[in-house]
Structure formats: C-alpha cells, structure tokens
Amino acid sequence: MKLVKTCFISLVLFSLVSCNHDSSIFDSSIISSESSSENNSIKREDKQKNLELKDNYLTNLYGGINRLPSIGKSKIFVVPVTFSDFIIPSSKQNEIKDHLNKTFFGDSNQTSWESVSSFYSKSSYQQLNITGEVSDVYKAKNNLSYYINQARNYPVYSSNSILKEVYDYFFASNKYKISDFDSDQDGVIDCVELIYLYPQYGYEGTFPSYITNRNLGSTDKGNLLWAYTYWYCGYDGYESKEDLVKYKALGDYVWASYFFTNGSGEDKIDAHTYIHETGHALGLDDYYDGNSLTSPAGAVTMMANNICDLDPYSKYFLGWTSPYKFSNNDFSDEKNEYTITLKPFESSGDSLILATDSNNTPFDEYYILDYYTPTFLNEEDSLNEYPGNGLHGFDKSGIRVYKINSKLVKSDITFSEVSDVLDYDNITWNYSNGDFNMIYASNTSYKYSTSRDNPDLIKLISSLGEDRSNKFTTPSYTGGTVVGDSKDLFQEGDTHLNDYFFDDGSLLKYSVEITNLSEESATLTLRYTD
C-alpha cells in the first residue's frame, strides 16, 4: 500500500520486513555539494532550493501535513501501548522500554543491523540526527477487542483514538512538553511512534505470557494489527472541530507492533519495519503495491520492501544529495559529448539525472542513476536474505537506473478535478479554494477518482530490457515472484539506456555508455545522437 493520499483514501502498509558512526566512510564533498574536477562542466542540482520545494510541497499537501524534518535534528516520541485487558509485570515493562530504546536510538552494534537513528544518520550522510525518548508503557482505556471492533470500517479511527489518549496522558497533563519533541518549532510534535504490545496480523512466533486473549478473529485483527503511517487530521470527517483545536499539536504518527523487533530472529533487535515507516514520516511514499501485485521498484530498496539503504530518488527528494543533471538541451554543435565520473553512491551520494527537457525541480520525469555497491547500509541485506521477508538486495556492483515520474498536478480533496501544474518556475502552493498540489504518479494499484492514467512513481529499469522492467512483482504475488537482482544492473560496455521511452512518449536524444567500472568509481560517456 502507499503513503496516505488523503485521510479517507488509503494507508501506509508494511511489507514483510547517541549512535556509533564511522565518519571516515563519507565523502565530505556531498555535504558541500562541490563537484570533482572531472565533472566541473556538468550542472548539479541546487540542494537548498530542492529542500525548500520539498518542504513547501509537504506543508501544503492535503491542506497541510507536518512531517518529521529531514535535515538537522528531528525528535521522535516512542510510546509502547498495551490494553486494559493485559497486565504486564513492571520488570517486563522495563525490558520493553530498554528494547525500544535500542531499536530506535541505539548504536548499530546493539541491533541486528541498524537502529532507526543510526540508519538515518548514515543514509543521510550525517545530515539527519534523529533523537527522542521512549515513554513508560501506556495502558489504553479499553481492551484490544474494543479497538479492533472500532477499526472494522476505518482502521485509523482506532489509532487516532489511542493517539489522543496518549496526548492527554503525557502532554495535557504536562508529563512532557510539546517543545520537547518539536525540533522545527512549528508547534507540532515531530513524530509519535505508537508501538502496540501485541503481535501483528500473521505473526507466527511465540506469544508472551502477558497476552491472555489470543483469539480475536483473524479478519478483524487484520484491519488494525499491521504497520502504517498516518497523520492526525480532520479531512476524514471523524474528528470534531473541538478535537482538531485541542489536538493541533499532533501530526505524523506511526502505528506498528512491538513484535516487528523480532524480524531478524527471536533474540535479535530488528528495526527494518520502523525504519521503513519512519521514511513515510519524513514524506516518502511506498514503492510497492499494497494489493500484493506489482513492485515497480523491484522490491529491493527500503521504501519498496524494507531492505537495504534508501534509493537515490528518495535521498534527492529529502534534500540529502545534489545529483548531476543532463537534458537534451545541454548538447550543442560545439559540445556533443560529455564524460562523467560517479563515486559509489553509498559513500558519496553521487547520482546522475537524465532528462529530455528539464523544469529544474525534483517534480519532473527523468532517469536517476547511481553507482550501486553492496556495501555499508546495503551490505547486510544484499549478502544475506532478510528473515522478515526472504528478500535480499543486489549482491554485485553496477549502475542502477530508476525512471521517475514525480510531476505535479493540482487537485481538489476528492480528486474529481485534476489538472497539470505547468509553471514550475512560479509554483502556486496555497490555493484559496483549498486545492493542493500532489505527485500524481504512484507505485500502488490505488487509483484516484479520475479517469487519468496513474503511472509509476519510481520504476527500476533492467539492463535486460523493458519487458522485464514491467514484470517486477511483490514477494506475495500468487502469479509468481519477479524481483530485482544483480543482473538488472547495467555493466561496463552497456549502451542501450536511451532505448526506453518516458511516459510522455519522449526519448533521450543522447546515448549513455558505461565506459569503465572500478572499485573506486564508474565512468559514463554521454553522446548526442539526434
């Protein structure tokens, strides 16, 4: 499923899945956005400008969504939630709190891979520092069956209810201050992660002794007991005007089971699912189909199926990288060939955007390329299957290529009136009638209330051809699983990238040849062909 497109359309579904940082692995040039000498003649994206565009986009989406800030220090309030029909001994509560502290804020070596905080520090090239606190266990006012019944027709109604209970208990009573978890000082808590102390739907592990009611009805449990990211809002019609005023400090929140910490084995702390959901809190979408059909991104990146590092588009969108950029207009009679060198993406953040015509924003249609290596944040999930879903990433190096369609449309809240945004030099963000801009493309099968086509947001382009690129599926697809693997990466000598059409029917007017791959870098040559 995908990140919520409006409060009454869809939810984010999981897909089964101070920090110890080694600063020496990072290339400081990515922080300063300086080009290496061999690439000096090539344009590079303005990271600060794109970050401002991203913030404007999210701030005005669906009337306004307060997101976890993606640069600087962000704060998460983690709340373990139990229910009135369960009694958890105080010693077990302390153990749960310690377990969650390590899961969210621990050093890498305290987990089976990374904590939420250590992952995002490394993935962002140390530009995002997630801190926070795990509260004492909160006991909800009602038993679990009550919330499951409440969620039958609308799952987030229950999690919204518990979110408000948590606010009343911890913030209205002044146990905590809103400012304790409001790093950007916008009056809204950066993010609340509600971790319910009951197994998620489909869990096959051991139940702890404190869970006495284990037969709650499989269908009803499935409506609530999964993982998603949402935000407290009034568009769904369930929240009163009084509550919207009272709880105006609530924004993004995550709802996920404590038992996802066991994804890598009973005795290991696993943060994969929480890392994925926190990606949504930052503003990223799902890159797989929530109906268990297609997985256009190939199912081998964090926002697709909970494994490996974030992809180059996500890091570009979040303002962490400054890709090099080419379009058809960059070639002339005097200059019809360019050579560009990319260092491994994991250590440098180097990436390359290839477009036909560019509007000079992230909200466009283009290819984004990087030099993928099975190292650093990719290493664990690339060289080993992740036990949470049996997938692994690319276990060899090569040029990874995604096709992006992140063009904007203007829409009303019902999606019944949708029109293209045409002027990207002067984007209107605040419409007096309540309309908003949104990225229309999506990797899910959810359709908006219009007759327009719904293209893929991010699509893995296979070196084996477009036919394979169109066949990537989710691991649970009953028609047979096709996921990305190392043979989909482009290798030295490959030249056929410009054979692929964009969604608008256009083609690159230049060829792309991978002229050299080494451990240190990849060299690409671009030649005008039209």
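Quick summary incoming for the structure in this document. (Residues numbered from 1 in each chain as written. Predicted model: local features only at pLDDT ≥ 70, side-chain atom pairs only at ≥ 80, totals over all residues. Heavy atoms only, no water.)

### Notes on the packing of aromatic side chains
Item 1. Taken as a whole, this structure holds 45 aromatic pairs when the rule is applied.
Item 2. When the ring of Tyr146 is compared with that of Tyr147, the centres are 5.2 Å apart and the planes differ by 90 degrees; the resulting orientation is edge-to-face.
Item 3. A relative accessible area of 39% means that Tyr146 is categorised as partly exposed.
Item 4. According to the relative accessible area criterion, Tyr147 is buried, its value standing at 0%. (Phe/Tyr/Trp six-rings, centres within 6.5 Å; stacked < 30°, edge-to-face > 60°. Buried < 20%, exposed > 50% of the residue type's maximum accessible area, 1.4 Å probe, protein only.)

### Structural notes on the packing of helix H4 (residues 116-123) against helix H9 (residues 272-282)
Item 1. In contact at an axis separation of 10 Å, H4 and H9 are set at 60 degrees when each is read in the N-to-C sense. Considering their axes alone, H4 and H9 lie oblique with respect to each other. For the pair H4 and H9, the sense of crossing is right-handed. Contacts between H4 and H9 pair Val116, Phe119 and Tyr120 from the former with Tyr274, Ile275, Thr278, Gly279 and Leu282 from the latter.
Item 2. Partitioning the contact of H4 with H9 into residue classes produces 6 nonpolar, 2 polar and no charged. (Axes fitted to C-alpha atoms, helices over the stretch in contact; angles between N-to-C directions. Helix = DSSP H or I, 4+ residues; strand = E, 2+ residues; numbered from the N terminus. Parallel < 35°, antiparallel > 145°, perpendicular 65-115°, else oblique. Left-handed = near helix turned anticlockwise from the far one by under 90°. Contact = heavy atoms within 4.5 Å. Nonpolar A, V, L, I, M, F, W, Y, C, P; charged D, E, K, R; others polar.)

### As for the pairing of strand E10 (residues 365-372)
Item 1. With 8 of its 8 residues buried, E10 lies for the most part within the structure.
Item 2. Covered by surrounding structure in E10 are Glu365, Tyr367, Leu369 and Tyr371 together with Tyr366, Ile368, Asp370 and Tyr372, the residues of both alternating faces.
Item 3. Pairing of strand E9 (residues 352-354) with E10, which is carried by 3 bridges, proceeds in the antiparallel orientation. Residue Leu354 lies in a different strand from E10, and its bridge partner there is Tyr367.
Item 4. Judged from the 8 bridges that link them, E10 and strand E11 (residues 398-405) form a sheet pairing that is antiparallel. If you follow Tyr367 over to E11, its bridge partner there is Lys403. (Pairing = 2+ DSSP bridges.)

### Describing the sheet that holds strand E16 (residues 510-517)
Pairing between the strands of a sheet is mediated by backbone hydrogen bonds and can be parallel or antiparallel.
Item 1. Strands sit in the order E8-E17-E16 across an open sheet of 3 strands; the sheet is antiparallel. One side of each edge strand has no neighbouring strand; the edge strands of this open sheet are strand E8 (337-342) and E16. Each strand axis lies, on average, 20 degrees off the axis of its neighbour in the sheet, ignoring direction.
Item 2. Sheet analysis places E16 next to strand E17 (residues 522-528), joined by 7 bridges and oriented antiparallel. By the bridge assignment for E17, Glu513 is matched with Thr525.

### Remarks on the sheet that holds strand E12 (residues 408-411)
Item 1. The sheet built from 3 strands is open, its strands ordered E13-E12-E14 with antiparallel pairing. One side of each edge strand has no neighbouring strand; the edge strands of this open sheet are strand E13 (418-420) and strand E14 (436-439). Each strand axis lies, on average, 40 degrees off the axis of its neighbour in the sheet, ignoring direction.
Item 2. Across 3 bridges, the pairing between E12 and E13 is antiparallel. The residue bridging Val409 from the neighbouring strand is Asp420, located in E13.

Geometric descriptors of this kind do not, in isolation, establish any biological role.
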